[in-house]
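For reference, the chains in residue letters:
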Amino acid sequence: MTARSQFLRRDRGGVEPLPHIWVAGHARAVPLDPPARGADVLTLVNEGHLYQVAVTRRRIDDALELAAAVNRGPMAPAVAGAWAAVESLLTHPDDPKGENERSGKAVAADRMAAIIACSWPRAELTALAHHHKPRTKDELARGITACATNQERARLAAAALHAGGASALDFTGASTKYSDRPAAQRMADLVKDPRPVLGDVAGAFRIALRRLYRTRNIILHGGATQGVAMEASLRTAAPLVGAGLDRIVHAAYAEDLGPLDLAARAEVALQLVNGETGLSVVDLLEPA
């Protein structure tokens, strides 16, 4: 209804939609806003501003505008806008053309997957560090409390998991979700042998984002707005697009680093992690 109302002439009267509807048998109005799909760009909150007037940031601002429908918009515009944002940031005119796996616009999905895979360990380790609350405060809990940054907290959690496995973290003194224990086991496996785990994670992200790309093609090139895979594709890809955009925005704000440069850093980090360079899973997106 909101979309249809855009076709009415302004200042000529007509019908304007309300944000809710009434249904027979229900005492209260039902809101029309759908639940958010989890595409959160938290850097906009953490940095304290939504927009920066700078020519170098215009490309990122345009991408955020393209992706604006991904959280609560109709499915077809959300799919189209989400992929348009990814493609606008992570493709280059010199990218190879052709039909092989790393050619064409689909390469943007691989680059976004690398960025998200490299940001995943720190995000998960930071959450686990905050949730480590034994009934009697231990040395790890005191160390986490004393940390000044989330990077330090994540590093402490990673060291504890490497030394003691998933049981090194204790969630008994906190009202946390049931997902904490499986998350601790995932991170314990990661810090023990990061390269294959990160490879599997990046592969799963790549599949989800390439599915988004194909769904977008079906919508825009085939005119099919009711595809059977559209809802599932958007449900899995929306949080990934949000996480990738968050890292891209953070890199632009914190380092003035472009999206393609961040993707290159991520792809190199996936190859070097836990090797002779000593690159930690906590520092995958950090400058060398």
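To keep things clear, this report deals only with the structure shown in the data block. Note that this is a predicted model, so its numbers are computed, not measured.

The subject of this paragraph is the overall build of the protein. When its secondary structure is counted, the protein shows 11 helices and two strands. When the helices and strands of the protein are read in sequence order from the N terminus, they spell out α-β-β-α-α-α-α-α-α-α-α-α-α. Based on the C-alpha atoms only, the size of the protein along its principal axes is roughly 70 × 55 × 40 Å. Nonlocal contacts in the protein, meaning residues at least 24 apart in sequence, comprise 67% of its contacts between residues at least 6 apart. Total accessible area on the protein is roughly 16,500 Å²; 55% of this is exposed by carbon and sulfur atoms. The distance from the centre of the 34 positive side-chain charges to the centre of the 32 negative ones in the protein is 5 Å.

So, on to the environment of Ala168. Inspection of the secondary structure assignment puts Ala168 in the loop between α7 (150-164) and α8 (180-192). Here the alpha-carbon distance between Ala168 and Ala24, two residues 144 residues apart in the chain, equals 54 Å. Contacts of Ala168, omitting those with residues within four sequence positions, involve His132, Leu140, Ala160 and Leu161.

With that settled, the discussion passes to helix α3 (residues 58-66). Among all positions of α3, only Ile60, Asp61, Ala63 and Leu64 are buried. Mapping the buried residues of α3 onto a view down its axis gives an arc of 160 degrees, with all of them on the same face. Here the buried face of α3 lies against α2 (43-46), α4 (75-90), α10 (230-255) and α11 (259-272).

Assignment of secondary structure puts Asp246 in helix α10. Classification of Asp246 by relative accessible area gives buried; the value is 10%. In this structure Asp246 touches Asp40, Val41, Leu42 and Thr43, once residues within four positions along its chain are discounted.

Here the focus is the pattern of salt bridges. Applying the stated criterion across every chain yields a total of eight salt bridges. Of the charged contacts in the structure, one is a salt bridge between Arg122 and Glu286, with a shortest N-O distance of 2.8 Å. Of the two residues, Arg122 is situated in helix α5 (residues 107-131) and Glu286 in the segment after α11; the sequence distance between them amounts to 164 residues. Asp283 is paired through a salt bridge with Arg155; the nearest N and O atoms lie 2.7 Å apart. Of this pair, Asp283 sits in the segment after α11 while Arg155 sits in helix α7, and the two are 128 residues apart along the sequence. On the basis of relative accessible area, Asp283 is assigned to the buried category, the value being 16%. Each of the salt bridges in this network shares a partner with another, and the network as a whole consists of Asp110, Arg206 and Arg210.

With that out of the way, let us pick up the packing of aromatic side chains. In the structure shown here, the tally under the stated rule is one aromatic pair. Pairing Trp83 with Tyr213 gives two aromatic rings, centres 4.7 Å apart and planes at 40 degrees, and the pair type is tilted. Linking Trp83 in helix α4 with Tyr213 in helix α9 (residues 194-222), this pair joins segments that are 130 residues apart in sequence. For Trp83, a relative accessible area of 0% gives the class buried.

Across the interface, α9 lies against α10 with an axial gap of 9 Å and an inter-helix angle of 125 degrees. As summarised for this structure, α9 and α10 are arranged oblique, according to the angle between their axes. The chirality of how α9 crosses α10 is left-handed. Each of Phe205, Ala208, Leu209, Arg211, Leu212, Thr215 and Ile219 in α9 lies in contact with α10, whose residues at this interface are Met230, Ser233, Thr236, Ala237, Leu240 and Val241. Taken together, the residues of the contact of α9 with α10 break down into nine nonpolar, three polar and one charged.

Quick notes on the rules
- Residues numbered from 1 in each chain as written.
- Predicted model: local features only at pLDDT ≥ 70, side-chain atom pairs only at ≥ 80, totals over all residues.
- Heavy atoms only, no water.
- Helix = DSSP H or I, 4+ residues; strand = E, 2+ residues; numbered from the N terminus.
- Contact = heavy atoms within 4.5 Å.
- Areas by Shrake-Rupley, 256 points an atom, 1.4 Å probe, with all protein chains shown as cover.
- Lys, Arg positive; Asp, Glu negative; His and termini not counted.
- Charge placed at Lys NZ, Arg CZ, Asp CG, Glu CD.
- Buried < 20%, exposed > 50% of the residue type's maximum accessible area, 1.4 Å probe, protein only.
- Arc of directions from axis to C-beta.
- Salt bridge = Lys/Arg side-chain N within 4 Å of Asp/Glu carboxyl O.
- Phe/Tyr/Trp six-rings, centres within 6.5 Å; stacked < 30°, edge-to-face > 60°.
- Axes fitted to C-alpha atoms, helices over the stretch in contact; angles between N-to-C directions.
- Parallel < 35°, antiparallel > 145°, perpendicular 65-115°, else oblique.
- Left-handed = near helix turned anticlockwise from the far one by under 90°.
- Nonpolar A, V, L, I, M, F, W, Y, C, P; charged D, E, K, R; others polar.

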